[in-house]
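Close look at the chain arrangement
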Amino acid sequence: MVIIKTSQQIEGIRKSSQLAAATLNHTASFIAPGISTEKLNQIAHQFIIDHGAIPAPLNYLGYPKSICTSVNNVVCHGIPSSTEILQEGDIINLDITTILNGYYGDTSATYPVGKISKEASLLIDRTKNSLKLAINSLKPNKNLNDCVGKVIEKYVKQFGYSPVKDLGGHGVGIEFHEDPFVFHFDYSYEKTILKPGMIFTIEPMINASTSWRINIDKKDGWTVRTIDGALSCQFEHTVLITPTGFEILTTEV
Ligand code: MF3
Ligand code: CO
Ligand code: CO
C-alpha cells in the first residue's frame, strides 16, 4: 500500500530531506585523494547529530555505519572503512539518509576523486541525466513505470549501459523503505498510479556495462558490486508528487 502523506507529514519529510541534502553537500566537500571512506562517514555522522537528527543506516538491519560509500565497481551499500583510501581517478557515491523528528529523507550522489577518466565522467553525467529525465516526467495520474523505469532504461541503453534490476527506489518518509518498489528498468507489470502526496525515491544504479548483474559480498553481507568489475554510478532524490507535478525534497536550502 502506497501511503498518501498528510501536509504535516510532508513538512516533516521535507525538513529531513533538506538536512540529508545539506549533509551530502557538506560531506562531499571533503572528497579528495588520500581521505578514507571512514573519515567521510565520521564527517557525515557528526553533521547529522549536530543538526538534531539520526543517521538512518546506523544499525539498520545490522548495517554498521552511518552512511554508504560506494567506490568504482561498488554499486551501492559500500561500508566505510579506515583502510579504504580514495585515489585520484576513483568515483565515489555517498548515500545519506536522515531521521529528523521521526521523518526520513534519502539522497545520494556520485563524485569524482581528483581527475577522472573521460569514461567515468560520462557515466556520472549520464546517470545524473537519467534521474533528471525521470523526475521531470512525474505527474499525477501517470503510471510510475512510464515515468521512471521506461525513461531511465531507454536513456541509458543507448550508451551501452545497464540499470541494475535487483535493487530499486522506494516509498520513504514515515519508514526508511515503504511501498512502492521503484524499478529503474521497464517493468510492464507496474500498477502504481501517481497521486498527489506520494513520496518516494528514484535512485538509478547504472552499470557501465551491458550486464546489469551484481554480487553481494559474502563476508560483509552488504557491499554490492558489478559482476564483471565494471564501474557503476548512482544518484538519488526523494520526490513528492504534487497536484501539478513534482517537488524534489532533497535539495539544500
Ligand atoms: N540509503 C539506501 C537507499 O537508498 C539504503 C541503505 S541501507 C543501509 O535505500 F543499511 F545500507 F544503509
Ligand atoms: Co533510497
Ligand atoms: Co539512499
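Source: prediction; values computed, not measured. As a convention, each chain's residues are numbered from 1 in the sequence order in which they are written. To read the labels, note that chains go from A and ligands from 1, taken in the order they are written. Residues qualify for local features only when their pLDDT is at least 70, as the model is predicted, and side-chain atom pairs are given and counted only at 80 or more; totals for whole chains, interfaces and linings, by contrast, use all residues. The side-chain numbers reported here are obtained from all heavy atoms of the structure, hydrogens and water having been left aside.

Distances are taken per atom, and a residue is near a molecule or strand as soon as one of its heavy atoms is within 4 Å of it. Near ligand 1 there are 14 residues, and of these Asp95, His170, His177, Glu203 and Glu236 occur at the shortest range. Here an oxygen atom of ligand 1 sits 3.0 Å away from a polar atom, N or O, in the side chain of His170. Contact between ligand 1 and His177: an oxygen atom at 2.8 Å from a side-chain N or O atom of the residue. Burial of ligand 1 by the surrounding chains reaches 96%, relative to a free accessible area of 340 Å². We call Asp, Glu, Lys and Arg charged. Ala, Val, Leu, Ile, Met, Phe, Trp, Tyr, Cys and Pro are nonpolar, and the rest, Gly among them, are polar. Here the shell around ligand 1 is built from residues that sort into 6 nonpolar, 4 polar and 4 charged. Polar contacts here mean pairs of N or O atoms no more than 3.5 Å apart (in protein, one a potential hydrogen donor and the other a potential acceptor; neighbouring residues in sequence count only if both atoms are side-chain atoms). Per-residue accessibility takes into account occlusion by the displayed protein chains alone, with areas from the Shrake-Rupley method and a 1.4 Å probe.

This paragraph deals with the sheet that holds strand β6 (residues 162-163). Note: two strands are recorded as paired if DSSP finds a minimum of 2 bridges between them. Secondary structure elements are taken from DSSP: a helix is a run of H or I of four residues or more, a strand is a run of E of two residues or more, and numbering for both begins at the N terminus. The 3 strands lie next to each other as β6-β10-β13, forming an open sheet whose pairing is antiparallel. The open sheet terminates on both sides in strands that have one partner only, identified here as β6 and β13 (232-234). Where β6 lies against strand β10 (residues 205-207), 2 bridges are found, and the strand directions are antiparallel. Across the sheet, residue Ser162 finds its bridge partner in β10, namely Asn207. Against the sheet, helix α3 (residues 118-136) contacts β10 and β13, and its axis sits at roughly 40 degrees relative to β13. Residues count as neighbours in contact if any of their non-hydrogen atoms are within 4.5 Å of one another. Axis geometry follows a simple rule: fit a line to the C-alpha atoms, using only the stretch in contact for helices, then measure angles between N-to-C directions, giving values from 0 to 180 degrees.

Within the protein, the atoms that donate to the cobalt ion (ligand 2) are Asp106 (OD), His170 (NE2), Glu203 (OE) and Glu236 (OE), at distances of 2.0 to 2.2 Å. The site at the cobalt ion (ligand 2) holds 6 donor atoms, and with the angles between them running 51 to 161 degrees, its shape is irregular. Counting the intervening residues between successive donors of the cobalt ion (ligand 2) yields the motif D-x63-H-x32-E-x32-E. Note that water is not among the atoms used; donors are N, O and S atoms within 2.8 Å of the metal (3.2 Å for Na, K and Ca), so sites may look incomplete. Separating the cobalt ion (ligand 2) from the cobalt ion (ligand 3) is a gap of 3.3 Å, which Asp106 spans by donating to each of them. Here Asp106, found in strand β5 (residues 103-112), pairs with His170, found in strand β7 (residues 169-171); they are 64 residues apart in sequence, far enough to count as distant. When its relative accessible area of 5% is taken as the criterion, His170 is described as buried. Geometry is assigned from the angles between donors: four donors with all angles from 85 to 135 degrees make a tetrahedral site, four or six donors whose opposite pairs exceed 155 degrees while the rest stay between 65 and 115 make square planar or octahedral sites respectively, and everything else is labelled irregular. Accessibility here uses a 1.4 Å probe with only protein chains present; expressed as a share of the type maximum, an area under 20% marks a residue as buried, one over 50% as exposed, and anything in between as partly exposed.

In this section: the pattern of salt bridges. Here a salt bridge means any side-chain nitrogen of Lys or Arg lying within 4 Å of a carboxyl oxygen belonging to Asp or Glu. With the rule as written, the count across this model stands at 8 salt bridges. A salt bridge links Glu178 to Lys5, with the nearest nitrogen and oxygen atoms 2.6 Å apart. You can see Glu178 sitting in strand β8 (residues 178-182) and its partner Lys5 sitting in the segment before α1 (7-28), a full 173 residues away along the chain. Per residue, the accessibility class of Glu178 equals that of Lys5, and both read buried. Between Glu38 and Lys65 there is a salt bridge, and its shortest N-O distance comes to 2.9 Å. Of this pair, Glu38 sits in helix α2 (residues 37-50) while Lys65 sits in the loop between β1 (54-55) and β2 (68-71), and the two are 27 residues apart along the sequence. Taking the relative accessible area as the measure of exposure, Glu38 reaches 11% and is therefore buried. Look at the salt bridges and you will find they share partners, linking Glu11, Arg14, Lys15 and Glu247 into a network.

Bound to the cobalt ion (ligand 3) on the protein side are Asp95 (OD), Asp95 (OD), Asp106 (OD) and Glu236 (OE), at distances that span 2.1 to 2.4 Å. Around the cobalt ion (ligand 3) sit 6 donor atoms, and with donor-metal-donor angles ranging over 57 to 165 degrees the site reads as irregular. For the cobalt ion (ligand 3), the donor residues sit on a single chain with the sequence spacing D-x10-D-x129-E. On the basis of relative accessibility, which here comes to 11%, the residue Asp95 falls in the buried class. Asp106 gets classed as buried once you look at its relative accessible area, which sits at 2%.

Residue placement: Asp217 occurs in the loop between β11 (214-216) and β12 (224-226). In terms of polar contacts, Asp217 uses its side chain to reach the backbone amide nitrogen of Lys219, at 2.7 Å.

Expected span of a helix: the number of residues minus one, times 1.5 Å. With 19 residues, α3 should cover 27 Å at 1.5 Å per step; its first-to-last C-alpha distance of 27 Å lies within 8% of that length. Those residues of α3 that sit buried are Ala120, Leu123, Ile124, Arg126, Thr127, Ser130, Leu131, Ala134 and Ile135.

A few words on the packing of aromatic side chains. Under the pairing criterion, centres of Phe, Tyr and Trp rings, with the six-membered ring standing for Trp, must be within 6.5 Å; the plane angle then separates stacked pairs below 30 degrees from edge-to-face pairs above 60, leaving the rest tilted. For the structure on display, the rule yields 10 aromatic pairs. For the pair Tyr187 and Tyr189, a centre-to-centre distance of 5.6 Å together with 65 degrees between the ring planes defines the contact as edge-to-face. Tyr187 gets classed as partly exposed once you look at its relative accessible area, which sits at 27%. Among the residues examined, Tyr189 registers a relative accessible area of 60% and is labelled exposed. Over a ring means this: the NZ of a Lys or the CZ of an Arg is within 6 Å of the ring centre and within 35 degrees of the ring normal. Over the ring of Phe185 we find Lys165, and its NZ or CZ is 4.9 Å from the ring centre.

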